[in-house]
Structure formats: C-alpha cells, structure tokens
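Residues per chain, in single letters:
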Amino acid sequence: MSDYDVLEDIDFGYECRKILKDELRRHGLTYRSLAEILQKHGLEETEKSIAHKAMRGTFRLSFLLQVMRVLGTETLVVPVPKSKRDLVRSTSFHEA
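For every chain, the first residue of the written sequence is number 1, and numbering continues from 1 along that sequence. At least 70 in pLDDT is required for a residue's local features to be given in this predicted model, at least 80 for side-chain atom pairs to be given and counted, and no such filter applies to totals for whole chains, interfaces and linings, which use all residues. Note: side-chain values were computed over all heavy atoms of the structure, leaving out hydrogens and water.

To continue, consider the pattern of salt bridges. Basic side-chain nitrogens of Lys or Arg form a salt bridge, by our definition, when they fall within 4 Å of a carboxyl oxygen of Asp or Glu. With the rule as written, the count across this model stands at 6 salt bridges. Among the ionic pairs, Asp-22 bridges to Lys-18, the shortest N-O distance being 3.0 Å. In this pair, Asp-22 and Lys-18 are both assigned in helix 2 (residues 12-27), 4 residues apart and thus about one turn of the helix distant. Close ionic contact of Arg-32 with Glu-47 constitutes a salt bridge, the shortest N to O distance being 3.1 Å. Within this pair, whereas Arg-32 is found in helix 3 (residues 31-40), its partner Glu-47 is found in helix 4 (residues 47-56), the two being separated by 15 residues in sequence. Arg-32 gets classed as partly exposed once you look at its relative accessible area, which sits at 49%. Ionic contacts of the salt-bridge type, sharing partners, join the residues Lys-18, Asp-22 and Arg-25 into one network. Here a strand is any run of E in DSSP of at least two residues, a helix any run of H or I of at least four, and the numbering for each starts at the N terminus. Three labels apply to residues, based on accessible area from a 1.4 Å probe with only protein chains included: buried if under 20% of the type maximum, exposed if over 50%, partly exposed otherwise in between.

Below, the structure is given as structure tokens:
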C-alpha cells in the first residue's frame, strides 16, 4: 500500500469536524454560544457559518486557532491517524 492509498483511506474532513466538536463539547458550548463568543471578540461568525464550516470539515487552521484562543485552550493534542484502522472515533482527542 502506498502513502497515497493511506491518504485516500481516511476521512480527514471528519477528523477536523471531530477536533472542533470535541473542543466545544469539552467547554459545554454549542455553535450558537461559540458564535456569540467570537462576535464579542470582533469576529463575524454566526451559528450557521460555524455549523457549515464544521459540516464540511474544511475550515482554516486560523479559524481553529481563533476558536482555541477565545476558549482559553493553550494546547491541543491532535493524533494523526496512519490508516483507517488507527481511527478511534469514540475517544476524545484530549485523551491522547
């Protein structure tokens, strides 16, 4: 199996969504409450815009860093799966 095959085997959009959702869950937040927090910090995000970004799983790293900053998260551990077998969907990223 080539490295390219491994990349095709993983749903990276899902993995990105999971990172964002896990962090919101850890803080007890919804998309709506996150939008309100971001708006207080001068960012023009809405519940709908955040939901769309999360649904696509294609948001920019800068957006994720902004979210982490306003939530006070200093460190985020992100395990990078090597193959579909390495994915453990029931484990939070924060437990790694």
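Next comes the rest of the account.
Here Glu-23 is to be found in helix 2. A relative accessible area of 0% means that Glu-23 is categorised as buried. Definition of a polar contact: a pair of N or O atoms within 3.5 Å, with one able to donate and the other able to accept a hydrogen when the atoms are protein atoms, and with sequence-neighbouring residues admitted only if both atoms are side-chain atoms. Of the polar contacts made by the side chain of Glu-23, one reaches the side chain of Thr-73; its length is 2.5 Å.

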